[in-house]
Amino acid sequence: MNHSDVWILAEQEDGKILRISHELITRGLLLSQKRGCKLCAMVFGSNINESDLQDMVDRGVDRVVAVEAPGLSNFLVEPYSACMQDILSKYSPEIILGGATSTGRTLLPYVAMSAYTGLTADCTGLDIEDGTNNLLQTRPAIGGNIMATIKTPDFRPQMATVRPRSTKPAPVLQKGRKGKIVRLKPDSKLLNSRILRTGFIPNEEEQSLHEAEIVVVAGRGIKKTENVQLIRDLANALGGTLAATRDVVDRGWLSYPHQVGLSGKTISPKLYVGVGVSGAIQHLAGMQTSETIIAINSDPEAQIFKVADFGIVGDLFEVVPALTKRIKDGKFNDVKISK
Amino acid sequence: MRIIVPIKQVPETKSVKMDEKTGTVIREGVESIINPLDLYAIEIAVQLKESNGGEVIALSMGPPKAVEALREAIAMGVDSAVLVSDRAFAGSDTWATSYVLAEAVRKIGQYDLIICGERATDGDTGQVGPEMASYLKMPVVSYVNKVVKVANGKIVTHRLVEEGSEILESEMPCLLTVVKEVSDPRLPTLRGKQKARKADIPVFGLKDLDLDPKKIGLAGSPTKVVKIFKPKVARECEKIVARDEEKIKEAVGKLEGFLKKKEIL
Ligand SMILES: Cc1cc2nc3c(=O)[nH]c(=O)nc-3n(C[C@H](O)[C@H](O)[C@H](O)COP(=O)(O)OP(=O)(O)OC[C@H]3O[C@@H](n4cnc5c(N)ncnc54)[C@H](O)[C@@H]3O)c2cc1C
Ligand SMILES: Nc1ncnc2c1ncn2[C@@H]1O[C@H](COP(=O)(O)O)[C@@H](O)[C@H]1O
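Given the structure is predicted, the values throughout are model-derived calculations rather than measurements.

Thresholds, definitions, all that
- Residues numbered from 1 in each chain as written.
- Chains lettered and ligands numbered in written order.
- Predicted model: local features only at pLDDT ≥ 70, side-chain atom pairs only at ≥ 80, totals over all residues.
- Heavy atoms only, no water.
- Helix = DSSP H or I, 4+ residues; strand = E, 2+ residues; numbered from the N terminus.
- Rg over C-alpha atoms; globule rule 2.2 N^0.38 Å.
- Buried < 20%, exposed > 50% of the residue type's maximum accessible area, 1.4 Å probe, protein only.
- Contact = heavy atoms within 4.5 Å.
- Areas by Shrake-Rupley, 256 points an atom, 1.4 Å probe, with all protein chains shown as cover.
- Near = heavy atom within 4 Å.
- Polar contact = N/O pair within 3.5 Å; in protein donor to acceptor, adjacent residues only side chain to side chain.
- Nonpolar A, V, L, I, M, F, W, Y, C, P; charged D, E, K, R; others polar.
- 1 Å grid on protein atoms, 1.4 Å probe; cavity = no way out; pocket = protein on both sides within 12 Å on 5 of 7 lines; lining within 4 Å.
- Points joined across faces, edges and corners; volume = space filled by probe spheres on them.
- Domains from an automatic or database assignment.
- Buried area = accessible area lost by both parts, 1.4 Å probe.
- Salt bridge = Lys/Arg side-chain N within 4 Å of Asp/Glu carboxyl O.
- Pairing = 2+ DSSP bridges.
- Axes fitted to C-alpha atoms, helices over the stretch in contact; angles between N-to-C directions.
- Parallel < 35°, antiparallel > 145°, perpendicular 65-115°, else oblique.
- Left-handed = near helix turned anticlockwise from the far one by under 90°.

### Focus on the overall build of chain A
Of the regular secondary structure elements, chain A holds eight helices and 18 strands. The C-alpha radius of gyration of chain A comes to 22 Å, within 12% of the 20 Å expected for a compact globule of 339 residues. With the C-alpha coordinates aligned to their principal axes, the bounding extent of chain A is approximately 65 × 45 × 45 Å. Counting the 339 residues in chain A, one finds 61% classified as buried. Looking at chain A alone, contacts between residues at least 24 apart form 66% of all its contacts between residues at least 6 apart. Total accessible area on chain A is roughly 13100 Å²; 49% of this is exposed by carbon and sulfur atoms.

### Side note on the site of ligand 1
In the vicinity of ligand 1, 27 residues are found, and the nearest of them are R220, T245, S278, Q282 and N297 of chain A. The environment of ligand 1 is shared, with nearby residues belonging to chains A and B. Side-chain polar atom of Q282 of chain A to an oxygen atom of ligand 1: 2.7 Å apart, as the coordinates give it. N297 of chain A is positioned with one of its side-chain polar atoms (N or O) 2.7 Å from an oxygen atom of ligand 1. Burial of ligand 1 by the protein amounts to 81% of the accessible area it has alone, namely 990 Å². Sorting the residues of the shell around ligand 1 by element identifies α6 (246-250), α7 (281-284) and α8 (316-338) of chain A as the ones contributing at least two each. Of the residues assigned to the shell around ligand 1, the class counts are seven nonpolar, 14 polar and six charged.

### Thoughts on empty space enclosed by the protein
Tallied over the entire structure, the rule returns four cavities of 30 Å³ or more. In this structure, the largest cavity occupies an estimated 330 Å³ of space. What lines the largest cavity is a set of 22 residues, and nearest its centre among them are H210, K265 and T266 of chain A together with E118 and Y143 of chain B. Considering only residue class, the lining of the largest cavity consists of eight nonpolar, seven polar and seven charged. Both of domain 1 (4-191) and domain 2 (204-328) of chain A provide at least three residues apiece to the lining of the largest cavity.

### Here we look at the domain arrangement of chain A
Residue and element names in this part refer to chain A. For chain A, the assigned domains read domain 1 (4-191) and domain 2 (204-328). Each of domain 1 and domain 2 has a C-alpha centre, and these two points are 32 Å apart. Taken together, the contact between domain 1 and domain 2 spans seven residues of the former and ten residues of the latter. Carbon and sulfur atoms supply 43% of the area that domain 1 and domain 2 bury against each other, a total of about 850 Å² over both sides. At the boundary of domain 1 and domain 2, one finds one salt bridge. Taking the shortest distance from any N to any O, the salt bridge between R19 and E213 comes out at 3.6 Å.

### Digging into the pairing of strand β5 (residues 63-68) of chain A
Residue and element names in this part refer to chain A. With six of its six residues buried, β5 lies for the most part within the structure. Burial along β5 is two-sided: R63, V65 and V67 and V64, A66 and E68, pointing in opposite directions, are all buried. Two elements, β5 and strand β12 (residues 180-184), share five bridges in a ladder whose sense is parallel. Residue pairing in the sheet places V67 in a bridge with L184 of β12.

### Examining the environment of I48 of chain A
Residues and elements named next belong to chain A. Relative to the elements of secondary structure, I48 occurs in the loop between β4 (39-45) and α2 (50-58). Remark: the alpha-carbon pair of I48 and P153, spanning 105 residues in sequence, is separated by 35 Å. Not counting residues up to four positions away in its chain, the partners in contact with I48 are Q12, G15, I17, V43, L53, A66, E68 and R183.

### Remarks on the site of ligand 2
Residues and elements named next belong to chain B. Close to ligand 2 lie 17 residues, the nearest being P6, D38, A120, T125 and G126. I7 has a polar backbone atom sitting 3.3 Å from a nitrogen atom of ligand 2. For ligand 2, the protein covers 97% of the area, taking 480 Å² as the surface of the free molecule. Of all the secondary-structure elements, those providing two or more residues to the shell around ligand 2 are β6 (55-61) and β8 (113-117). No other element matches β6, which puts three residues into the shell around ligand 2.

### Considerations on the packing of helix α2 (residues 67-75) of chain B against helix α5 (residues 190-198) of chain B
Residue and element names in this part refer to chain B. Where α2 meets α5, the axes come as close as 7 Å, and the angle between the chain directions of the two elements is 140 degrees. When the axes of α2 and α5 are compared, the pair comes out oblique. The handedness of the crossing between α2 and α5 comes out as right-handed. Where α2 approaches α5, its residues R71, I74 and A75 are matched on the opposing element by G192, K193, K195, A196 and R197.

### As for the interface of chain A and chain B
Contacts between the two partners involve 94 residues from chain A and, on the opposite side, 85 residues from chain B. In total, about 7800 Å² of surface goes out of reach between chain A and chain B, with carbon and sulfur atoms giving 60% of it. When the buried area of chain A at its contact with chain B is split by residue, M113, R194 and F310 of chain A rank highest and sum to 10% of it. Scanning the region where chain A abuts chain B turns up four salt bridges. Where D250 of chain A meets K180 of chain B, a salt bridge forms, and the shortest distance between an N and an O atom there is 3.2 Å.

Structure below.
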């Protein structure tokens, strides 16, 4: 069979297209232009906003296929994978990119297995190989200690997931750009699910860590639970999200969803600030791809400085309040100037 | 209730070294451990057995040495173990690994649950769980952070996603991949260790499983590693020592300037 075009797996929530989709467009455009083919997007949901679908076209997608049914409003692995395989057989994509999200990291392996094809997780770099036109997929391995470049020479589609926030969302190229939007109603037999979603418990306080552009991490250096507030104040001043090392979570100072690292979340924000964080390899595994890294630690030999762009060697109980105040005052001044 | 727990033996992350010349990972002399995230899978499986009755079987694919990981699992309360090992399996990517493990699961026979770790610390893909489930045509619940209950052939779990936790009810048999929050792994007991030492652990090789030899090992793997290299972590750290009030003021000012330059503030 002839496989063609680069496809992305767009994601939606309550009918709205999520940011990861726009990041995937950035990745996809790079490949489709090099490959000289179309960029297409598939999305599963129910009652997806027409304007959001057109918006993907405006950002550079040539064809959007929206598969819609009430049973697809939330991710369920069986109906999603059945519908995705339906797209595979209808359109034979050459490349499929998905987000390394809870959905992408579950759906894509499920589909790759039944399609008997390769899938590379958590890619940080994607390119087309000159000559062979194979997709070159680069990803960190062994806790970020090494990078590996991987390809899928003999199987199609070539599938990869990329980390959220590892690329900028694609900008709008042209409002009302020409493209094809197809809305499909899946055959009801594709919608069978042995899993039932009976409820949802939203995250309590903090904004989702994966999505955050600025993350401030509290390490054991904060000494006790009362001092979390100090770090929270800094996070608030920066407009960032609070997170923690495992030692802080194990002590119950912050809950597990805050944990960054090998046994917690992998994040790649624009700005990472580590306060009283030593920078153990297991912690670095979850944050060293951050764009900018700042560390505040009293120990000049702390590992964290090895991966940092800017470091302050000092007592966090003195440095952090001074920093928070400075940022707040700065913001206050900016407001005054702009008025 | 019959529960199968696939566990992987991985190198201790701290001690991983690279041969800079050849670009390969040096595995000799590196200490091996059970993939840390699989400990949570073992623990929740043992707890489910304790409350519902039944048995837990640990399953690992790897070199003969991986039997150590299986013995450790037995010491933690797992009832029995199976090692899947054959030179022909070497170099398998996640597709081929999942294929072999899934066929081993078939050979083990009837089961209600398969519980995997969320991901292995060496491969770090988190794909083997969902891929096994797909091959075995069973539902998968990934990122499980809580098992609420097991009743009437169904299992209720919480699944950790970006915005919170989903409450999902799945028919069994089903496959779970679990995150750390799901359980608090116990330490092996002395009795467990004795049992582990004596345990008879069967080894399944290529000839014992119903496998297409073209779909396994390096040759059968859809993905190929082209090259490995050391990441550029060489960040230029501007480090300022700030031990007194004056210095702190200066450092904080410089940091503010740095953030402005990066267009963060
Ligand atoms: C299998 C496994 C998985 C793991 N997974 C994770 C994971 O997912 N995430 C994770 O974070 N860790 C993980 N760890 C744990 C990891 O090895 C470290 O123990 C942990 O990251 C250390 O946390 P920390 O930096 O907060 O604490 P510490 O290592 O204790 O560091 C505290 C730092 O604070 C500094 N400090 C102290 N007082 C002050 C002060 N007044 N002002 C400024 N600085 C101060 C100290 O100099 C020190 O560097 C894992 C470990 C294992 C074995
Ligand atoms: N070789 C293996 N043997 C047994 N289980 C494995 C193996 N590889 C992966 N697994 C299981 O699959 C999970 C995810 O692994 P991975 O996809 O490699 O990140 C692990 O936590 C294990 O539960």
